[in-house]
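# Remarks on the overall topology
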Amino acid sequence: MSTSSAAGGTAGTDRGARLLLGLAALAVAFAAADTYVVVLALVDMMAGVGLSPDQLQRAAPIISGFLLGYVAMLPLIGRIADLRGRVPVLTASLVVFAIGSIVTAAAYDMPSMVAGRFLQGVGGGGLVPATLALVADLYPRERRGVPLGLVSAVQEIGSVVGPLYGAAVLAFADWRAIFLINLAVGLVLAAAIAALAARSGTTTGPRDRRIDPRRGRPDLVGLGLLLLLLLAGALVFQPPGSLRADIDYGRLFIPFVDGGGRWLTPVGAVTVVLALLLVARTLTARRPLVDLRAWGRSLREADVTGATYLAVALGGVILAFATADPKVQVFSDQGRWYLLGAAVASVAFVVHLRRASDPLLPRGALRDRPAWGSVVVSFLIGAALIAALIDVPLFARTTTYQDSQLLAALVLVRFLVALPVGAVVGGYLTRVLPAGVITAAGMVMAATGFVMMSRWGVDALESWTATVPLVVGGLGFGLALAPVNAAVLAHTADAVHGLASAMVVVARMVGMLVGISALTTIGLRRYYAEQADIPPIQDVCPAGTTRCAEYSDLLRAAGIAQEQTVFLGAAGCALLAAVLALVLLRGADTRAAGHGRDAATGVPAVG
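Please read all numbers here as calculations on a predicted model, not as lab measurements. (Residues numbered from 1 in each chain as written. Predicted model: local features only at pLDDT ≥ 70, side-chain atom pairs only at ≥ 80, totals over all residues. Heavy atoms only, no water.)

### Observations concerning the overall build of the protein
What counts is decided by this rule: For the purposes of this entry, the term helix denotes a DSSP run of H or I that reaches at least four residues, the term strand denotes a run of E that reaches at least two, and both are numbered from the N terminus. Per-residue accessibility, obtained with a 1.4 Å probe over protein chains only, is compared with the maximum for each type, and a residue is labelled buried under 20%, exposed over 50%, and partly exposed between these values. Throughout, a contact is declared for two residues whenever any of their heavy atoms are within 4.5 Å. Residue burial considers only the protein chains on display, and all accessible areas are found by Shrake-Rupley using a 1.4 Å probe.
Across its full length, the protein carries 22 helices and 0 strands. A total of 607 residues make up the protein; the buried ones form 52% of that total. Taking the contacts inside the protein whose residues are at least 6 apart along the sequence as the reference set, 78% of them involve residues at least 24 apart. For the protein, the computed accessible surface area is about 26700 Å², with 65% contributed by carbon and sulfur atoms.

### Observations concerning the packing of aromatic side chains
Selection rule: Working definition: rings of Phe, Tyr and Trp (its six-membered ring) pair if their centres are within 6.5 Å, and the pair is stacked with planes under 30 degrees apart, edge-to-face with planes over 60 apart, and tilted otherwise.
Enumeration according to the criterion identifies 12 aromatic pairs in this entry. Note on Trp175 and Phe179: the rings are 5.9 Å apart at their centroids and 80 degrees apart in plane angle, and the pair reads as edge-to-face. Given the relative accessible area of 3%, Trp175 is considered buried. Seen from their ring centres, Trp456 and Phe567 are 6.1 Å apart, and the 85 degrees between their planes marks the pair as edge-to-face. Within this pair, whereas Trp456 is found in the loop between helix 18 (435-453) and helix 19 (467-490), its partner Phe567 is found in helix 22 (residues 549-584), the two being separated by 111 residues in sequence. Residue Trp456 is classed as buried on the basis of its relative accessible area, which comes to 6%.

### Some remarks on the pattern of salt bridges
Two side chains carrying opposite charge are able to pair once their charged atoms lie near each other. Put simply, the rule reads: Between Lys or Arg on one side and Asp or Glu on the other, a salt bridge is scored when a side-chain nitrogen of the former is within 4 Å of a carboxyl oxygen of the latter.
One pass over the full model with this rule turns up 5 salt bridges. Between Arg86 and Asp137 there is a salt bridge; the shortest N-O distance is 2.6 Å. In this pair, Arg86 is assigned in helix 5 (residues 86-106) and Asp137 in helix 6 (residues 110-138), connecting sequence segments 51 residues apart. The pair formed by Arg86 and Asp137 is uniform in burial state, with each residue classed as buried. Across the pair Asp219 and Arg281 runs a salt bridge, and its minimum N-O distance is 2.8 Å. With a gap of 62 residues between them, Asp219 in the loop between helix 8 (176-200) and helix 9 (220-237) and Arg281 in helix 11 (residues 266-284) connect regions that are remote in the sequence. Salt bridges sharing partners connect three or more residues here, namely Asp82, Arg86 and Asp137.

### Overview of the nonpolar core
Formally: Here, nonpolar core refers to any group of buried Ala, Val, Leu, Ile, Met, Phe, Trp, Tyr and Cys residues whose side-chain atoms link them within 4.5 Å.
Membership of the largest hydrophobic core comes to 146 residues, with the highest contact counts inside it found for Phe415, Met443, Phe450, Trp456 and Phe477. When near neighbours in sequence (up to four residues on either side) are disregarded, Trp456 contacts Phe395, Leu461, Ala466, Pro469, Leu470, Ile560, Gln564 and Phe567. Core analysis: the second largest hydrophobic core is formed by 7 residues, Val103, Ala106, Val236 and Phe237 among them.

### Details of the packing of helix 7 (residues 145-170) against helix 17 (residues 413-429)
We count it as follows: Orientation is described by lines fitted to C-alpha atoms, with helices fitted over the stretch in contact, and by angles between N-to-C directions that extend from 0 to 180 degrees. Roughly parallel means an angle under 35 degrees; roughly antiparallel, over 145; roughly perpendicular, 65 to 115; everything else is oblique.
Direction vectors running N to C along helix 7 and helix 17 enclose 170 degrees, while the axes themselves pass 6 Å from each other. Taken together, the axes of helix 7 and helix 17 are roughly antiparallel relative to one another. Here helix 7 contributes Gly145, Val146, Gly149, Leu150, Ser152, Ala153, Glu156, Ile157, Ser159 and Val160 to the contact with helix 17, which in turn contributes Val413, Leu416, Val417, Leu419, Pro420, Ala423, Val424, Gly427 and Tyr428.

### With respect to a nonpolar patch on the surface
Our working definition: The residues that make up patches have over 30% relative accessible area and no salt bridge, and they are joined within 9 Å when like-charged or within 5 Å when they are Val, Leu, Ile, Met, Phe, Trp or Tyr.
Taken together, the side chains of Leu220, Leu223, Leu227, Leu230, Val279, Leu283, Leu289, Val290 and Leu292 present a nonpolar region at the surface, about 730 Å² in accessible area. Only helix 9 and helix 11 provide two or more residues apiece to the nonpolar patch. Counting residues per element, the nonpolar patch draws most heavily on helix 9, which supplies 4 residues. Here Leu227 lies in helix 9.

### A short note on helix 18
Worth spelling out the cut-off: For a helix, the expected span equals 1.5 Å multiplied by the number of residues minus one.
Taking 1.5 Å of rise per residue, the 19 residues of helix 18 would be expected to cover 27 Å, and the 27 Å separating its terminal C-alpha atoms lies within 8% of that figure. Where helix 18 is concerned, the buried positions are Ala435, Gly436, Ile438, Thr439, Ala440, Gly442, Met443, Ala446, Ala447, Gly449, Phe450 and Met453.

### Thoughts on the side chain of Thr282
Where we set the bar: Pairing of N or O atoms within 3.5 Å defines a polar contact, subject to two protein rules: one partner must be a possible hydrogen donor and the other a possible acceptor, and residues neighboring in sequence count only if both atoms are side-chain atoms.
Along the chain, Thr282 falls in helix 11. A residue is classified by how much of its surface remains accessible, and Thr282, at 6% relative accessible area, is buried. Engagement of the side chain of Thr282 in a polar contact is seen with the backbone oxygen of Val279, the distance being 2.7 Å. Excluding its chain neighbours within four sequence positions, the residues that come into contact with Thr282 are Pro288, Val290, Leu292 and Arg293.

### Description of the confidence of the model for the protein
Put simply, the test is: Values of pLDDT, the confidence the predictor places in each residue, fall between 0 and 100.
Confidence along the protein averages 83 in pLDDT terms, with 88% of residues attaining 70 or more. Per-element mean pLDDT across the protein ranges from 40 in helix 1 (residues 6-12) up to 95 in helix 18. With pLDDT under 50 throughout, residues 1-13 is counted as low confidence; its partners more than four residues away or in other chains account for 34 contacts. Overall, residues 593-607 carries pLDDT values under 50, and its contacts beyond four positions in sequence, including any with other chains, amount to 18 contacts.

### Comments concerning the side chain of Asn485
Positionally, Asn485 belongs in helix 19. For Asn485, the contacting residues outside a window of four places in its chain are Leu132, Leu148, Ser152 and Val504.

### Quick word on the packing of helix 13 (residues 304-322) against helix 14 (residues 335-355)
As a reminder of what qualifies: Here a crossing is called left-handed whenever its near helix is offset anticlockwise from the far helix by less than a right angle, and right-handed whenever the offset is clockwise. Three classes are used: nonpolar for Ala, Val, Leu, Ile, Met, Phe, Trp, Tyr, Cys and Pro, charged for Asp, Glu, Lys and Arg, and polar for all others, with Gly counted as polar.
Running from N to C, helix 13 and helix 14 point in directions that differ by 160 degrees, and their axes come no closer than 8 Å. Between helix 13 and helix 14, the interaxial angle falls into the category roughly antiparallel. The interaxial crossing formed by helix 13 with helix 14 has left-handed handedness. Across from Thr305, Gly306, Tyr309, Leu310, Val312, Ala313, Gly316, Val317, Leu319, Ala320 and Phe321 in helix 13, the residues of helix 14 making contact are Gly335, Tyr338, Leu339, Gly341, Ala342, Ala345, Ser346, Ala348, Phe349 and His352. The residue makeup of the contact of helix 13 with helix 14, split by class, is 14 nonpolar, 7 polar and no charged.

### Overview of the environment of Val471
For Val471, the position within the fold is in helix 19. Contact partners of Val471, with chain neighbours within four places excluded, come to Arg414 and Ala418.

### Overview of the environment of Phe97
Topologically, Phe97 is positioned in helix 5. Judged by relative accessible area, which is 1%, Phe97 ranks as buried. In this structure Phe97 touches Phe30, Ala31, Asp34, Leu119, Gln120, Gly123, Gly124 and Asn182, once residues within four positions along its chain are discounted.

In structure tokens, the structure reads:
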């Protein structure tokens, strides 16, 4: 079990450190909003790479690519945050997010768009463990609850703001403007965080060093190569039509071989050469734009081999579930092969952990029961949470809002607004109540909300009473977020806070993917059972008709029964999370002296 360092407690009172945390939280909120911005922009993005709206399944990699970057790379990024420091990882994550945004905005085919979304996921996901670990660095354990709740709250606020932000931009501009705004905001936040850390000389984390604001002038040669690379890359991704049609300059865009892609053109070759020159410059310059040598050392220290095994394992799980159509199947067509690959990579990861001298997951890092228990509970929270995020809009589309996907999605706003409120309250309560009790209470509230939803009928959303289970469920999930994070940070060493935070986030995301698969399976069985009891259409509809309102009502009733079953299954997951929270988080040391501790010694009271 770790204790907060003296430096961390002192930094917690420093205004500059708090402002730094505020900027990091803002970055988390913005990246979270980008997770949901695709909800409204997806059809336009598909058109941008040559897909029609009826090819929605082919667009799945746009979503799964982001998830893959977000989840699979989190453990490695969390470990690097422990080794290299929170501020460098925050700024690097924002830069990667910005690069992913400009690649997405300039994408001309599916591979380039998926690559951009993957980079966005890596950058956006990397912000979360670094920010959570930053809270642990700046505050002693008994004062972490509220800032952890605030970080969780702003992350969830992003899920509300994202679709609205996307709708606002699309009302005035093309979908590419969304990602160009991301580029600008990401770079501004990265510069602000780096400048604030340099000006205040803030140190955060066991391995952070003070940032020297007098580093000297930037590498002008490297900067010139970067500008040329951006220009050449722009010509590859979005070549002006006038240049391509020009008799002389058009030759620059003709492939060297028949059927060759854009990278096998003179412009593409120049872009590749410039990229190689820039990498060589960063490896050899005295003050490079990006210190690739230092980052390479950090990758080796963080155990990039173990991280690769774990990334492949997580990637297999993500692709198996995220590429499936939840309405008709549990796995995608290749899902079993993805899971087989994940199983093999998991075995390789476990063997590697036993043999490596300095593995990605240090031995004993999650030894305490509240530490590994937080990971387990987080998995179940995710498995229950996804039912609200996916099936509440589906229920709305099945019943009241059959003709409007937007209005159906807005039903969930009541849940999403309550969630960050619950996160702040849960963070405050960790100062006076056991983390396990708060988490369990929250999940009981979530289960209660789901049970109430399972009784919704065809006209339930037309009444104000439908708001009650949505608000109760949202508050319940919010209550559980901060205590789980506080427990894992309180029972892991300072040197692994980034990794520990990453594991909790990864567990919740994987739980969401597995949960939607399992709950959909249960719901589909109920749907098929209800459908089997529907009389043949000729016995319901007038002769000579192929469909009638009465028959549609019977099908709608079967769909409602399916969603009700999913809500009951989610309630079961929430109750299981509540029970395990009471057992596994029992004794989690997150409270202030005088609340469950001996006031003189600070030792947790037994009971």
